[in-house]
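Read off the chains here:
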Amino acid sequence: MVKITFNITDTPTADTGLDALAYLEGDMQVYLHNLLFVKLPRTPLLDFAGFAQRWLDDHSAPISAYLPINKEETVLSIEKAPEAGLYHFSSARAEKGDFPPVKEEAISAAFEEFLAGLEKELRK
């Protein structure tokens, strides 16, 4: 099970229209197997949405890493496990605990739900 929650914390305003959306920030939490895996405060939400969509489009690479705009630290990595259809999550900011691999379908469902939720919030 994978679950991603977010709360929009900063909605910049600009006369340039959609350009301000690129700087939309929120506090995110990623849960694995009903346990908090990592908290990601002040995350550029559209940047993370791009990462989620790229993973959905092609997650065949050995490692998918999310590096936020203007930061060099890898915040979230998803790596194929030796077992077919399973993936390991890792993060330098991860909560302590044993987080077993998760199914491909669970990651896809969580990313799709995140993208749908973000779209819904942006349409308000």
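In this text the structure is predicted, and so the values were computed from the model without any measurement.

### Here we look at the sheet that holds strand 2 (residues 25–32)
- With antiparallel pairing, the 3 strands of this open sheet are ordered in space as 1-2-3. Across the chains shown, the open sheet's two edge strands, defined by having one partner strand only, are strand 1 (2–10) and strand 3 (35–44). Pairs of neighbouring strands in the sheet enclose a mean axial angle of 15°, with direction left out of account.
- Here strand 2 pairs with strand 3 via 7 bridges, running antiparallel. From the neighbouring strand, G26 faces strand 3, where its bridge partner is T43.

### As for the environment of A116
- As for its position among the elements, A116 is in helix 2 (residues 104–123).
- Distance in space between the C-alpha atoms of A116 and A49 is 9.9 Å, their sequence separation being 67 residues.

### A short note on the side chain of S108
- Following the sequence through the fold, S108 ends up in helix 2.
- Given the relative accessible area of 15%, S108 is considered buried.
- Dropping the residues within four chain positions of it, S108 is found in contact with W55 and L56.

### Looking at the packing of aromatic side chains
- Enumeration over the complete set of coordinates arrives at 11 aromatic pairs.
- Centroid distance F6 to F114: 5.4 Å. Interplanar angle 75°. Geometry classified as edge-to-face. Taken together, the residues span a long stretch of sequence, with F6 in strand 1 and F114 in helix 2 at a distance of 108 residues. The two residues F6 and F114 agree in class, both being buried.
- A centroid spacing of 6.1 Å and a plane angle of 75° characterise the contact between F48 and F111, whose relative ring orientation is edge-to-face. Highlighted residues: F48 in helix 1 (residues 45–57) and F111 in helix 2, separated in sequence by 63 residues. Each member of the pair, F48 together with F111, is buried.
- Through successive ring pairs, a cluster of aromatic residues spans F6, F48, F51, W55, Y66, Y87, F111 and F114.

### Considering the sheet that holds strand 6 (residues 86–90)
- Pairing is antiparallel across the open sheet formed by 4 strands, whose spatial order is 4-5-6-7. One side of each edge strand has no neighbouring strand; the edge strands of this open sheet are strand 4 (63–66) and strand 7 (102–103).
- Both strand 4 and strand 5 (residues 76–80) contribute to a ladder of 4 bridges, which runs antiparallel. The residue bridging Y66 from the neighbouring strand is L76, located in strand 5.
- Contacts from helix 1 reach strand 4, strand 5 and strand 6 within the one sheet, and its direction differs from that of strand 4 by about 170°.

Quick notes on the rules
- Residues numbered from 1 in each chain as written.
- Predicted model: local features only at pLDDT ≥ 70, side-chain atom pairs only at ≥ 80, totals over all residues.
- Heavy atoms only, no water.
- Pairing = 2+ DSSP bridges.
- Helix = DSSP H or I, 4+ residues; strand = E, 2+ residues; numbered from the N terminus.
- Axes fitted to C-alpha atoms, helices over the stretch in contact; angles between N-to-C directions.
- Buried < 20%, exposed > 50% of the residue type's maximum accessible area, 1.4 Å probe, protein only.
- Contact = heavy atoms within 4.5 Å.
- Phe/Tyr/Trp six-rings, centres within 6.5 Å; stacked < 30°, edge-to-face > 60°.

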